[in-house]
Amino acid sequence: MNTSKQLLNDLRRARFDVVPIPLSEERVALEVGEGYHLQRQGFLERAAHGEALTGWKVAFSNSTAQRRLGLEEPVYGILTDHMWVQKNGYIDATQLIQPKLEVELGLVIGRDMPQEEYDDLQLLDAIDCVIPAFEVADCRWSDWRFSAGEFLADNAATGRYCLGDPLPSAVLHMNSVQCSLEVDGQAVGGLTGRPHVSLHNFTWLMRRLLLDGYAVRAGQVILSGALFAPVDVRIGIYRLQMLETDLTLQFCDGR
């Protein structure tokens, strides 16, 4: 049976070696609380090596996915400055294990939020701006097979993220928004997102972070959940067009 220390060592080794943790009959499903504990321990290790907390991501906001993992609410992962990729930048794909690209809305917090109770309007009033975003999810569990606790211990499969230019705040109140995603000039397909769902995810996460004792500060970003299904990453240039804004991210072979 894996101990917490062994799991952290396995996750650390997988990240540095860029090799997934193999499937094993000895793996025991982690409880959600233990997964969050290991997630925080993993972040503290990274912080001790100079990484700074820059925000959070929402995962499994879809009720179908929650039921599959035995969850009753979404979950979250931690973002750091070492995960950030500049707009129109590039990522060495050889430094990722099994990446997937997600299109999201980043909600930037405009003021510090003391640990107290807030209603929805007070929480939404804390949003400074809305930004189109790429999240590059990268799972350290082989074949993306995990329990809810293992997913959290893996920091909710957080890999990299990239932010574009601010959008009109009215986008959050739209029932749907049309997006265009291309890879090397070829369309991935007709994509429609539901940005208003991001508001629910944001208020849920803000309350959960404050309950869990995190310091929510101005300038931190919330990646509020995928607008549509993730895309398997391949070498190439990904271009997102959303409401007259463009965001480009290149994946290259750094070998």
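1. Considerations on the overall build of the chain
Okay, so step 1: Helix and strand counts for the chain come out as six helices and 13 strands.
Okay, so step 2: Relative to its length of 255 residues, the chain is compact, with a C-alpha radius of gyration of 18 Å against a globular reference of 18 Å.
Okay, so step 3: Overall, the C-alpha framework of the chain stretches about 50 × 45 × 35 Å when taken along its three principal axes.
Okay, so step 4: Looking at the chain residue by residue over its 255 residues, the buried ones come to 52%.
Okay, so step 5: Summarising the internal contacts of the chain: among those between residues at least 6 apart in sequence, 76% fall at separations of at least 24.
Okay, so step 6: Counting only carbon and sulfur atoms, one obtains 49% of the accessible surface of the chain, whose full area is about 12400 Å².

2. Some remarks on the nonpolar core
Okay, so step 1: Within the largest apolar cluster, 73 residues are counted, with the highest numbers of intra-cluster contacts made by Phe60, Phe134, Ile222, Met242, Leu249 and Phe251.
Okay, so step 2: A per-element tally of this core places helix α6 (residues 197-211) first, with seven residues.
Okay, so step 3: For Ile222, the contacting residues outside a window of four places in its chain are Trp56, Val58, Leu105, Gly106, Leu107, Ile109, Phe202, Leu205 and Leu209.
Okay, so step 4: If you look at the next biggest cluster of nonpolar residues, it comprises ten residues, including Ile131, Ala133, Tyr161 and Leu223.

3. Describing the packing of aromatic side chains
Okay, so step 1: Scanning all chains against the criterion turns up eight aromatic pairs.
Okay, so step 2: Between the aromatic rings of Tyr76 and Tyr214, the centroid separation amounts to 6.2 Å while the plane-to-plane angle is 85°, which identifies the pairing as edge-to-face. One end of the pair, Tyr76, is in strand β2 (residues 75-80); the other, Tyr214, is in the loop between α6 and β10 (221-226), with 138 residues separating them in the sequence. Of the two residues examined, Tyr76 and Tyr214, each falls in the buried class.
Okay, so step 3: Ring pairs connect the aromatic residues Tyr36, Trp56, Tyr76 and Tyr214, which therefore count as one cluster.
Okay, so step 4: The ring of Phe16 carries Arg15 above its face, with NZ or CZ at 4.8 Å from the centroid.
Okay, so step 5: The cationic tip of Lys100 hangs over the ring face of Trp144; the distance from NZ or CZ to the ring centre is 5.5 Å.

4. Remarks on the environment of Phe60
Okay, so step 1: Relative to the helices and strands, Phe60 resides in the loop between β1 (53-59) and α3 (63-69).
Okay, so step 2: Residues Phe60 and Leu71, eleven residues apart in the sequence, show an inter-C-alpha distance of 8.8 Å.
Okay, so step 3: If we ignore the near neighbours within four places in the chain, the residues touching Phe60 are Ala65, Gln66, Arg68, Leu69, Leu71, Glu73, Pro74, Val75, Phe146 and Phe151.

5. Structural notes on the pattern of salt bridges
Close approach of charged atoms allows side chains of opposite charge to pair.
Okay, so step 1: Counted according to the given criterion, the structure contains twelve salt bridges.
Okay, so step 2: Here Asp212 makes a salt bridge to Arg208, at a shortest N to O gap of 2.9 Å.
Okay, so step 3: Residue Asp212 is classed as partly exposed on the basis of its relative accessible area, which comes to 23%.
Okay, so step 4: Each of Glu73, Arg208 and Asp212 takes part in a single network of salt bridges with overlapping partners.

Reading guide: rules and limits
- Residues numbered from 1 in each chain as written.
- Predicted model: local features only at pLDDT ≥ 70, side-chain atom pairs only at ≥ 80, totals over all residues.
- Heavy atoms only, no water.
- Helix = DSSP H or I, 4+ residues; strand = E, 2+ residues; numbered from the N terminus.
- Rg over C-alpha atoms; globule rule 2.2 N^0.38 Å.
- Buried < 20%, exposed > 50% of the residue type's maximum accessible area, 1.4 Å probe, protein only.
- Contact = heavy atoms within 4.5 Å.
- Areas by Shrake-Rupley, 256 points an atom, 1.4 Å probe, with all protein chains shown as cover.
- Core = buried A, V, L, I, M, F, W, Y, C linked by side-chain atoms within 4.5 Å.
- Phe/Tyr/Trp six-rings, centres within 6.5 Å; stacked < 30°, edge-to-face > 60°.
- Lys NZ or Arg CZ within 6 Å of the ring centre and 35° of its normal.
- Salt bridge = Lys/Arg side-chain N within 4 Å of Asp/Glu carboxyl O.

From the geometry alone we can't say anything about function, so treat these as descriptive.
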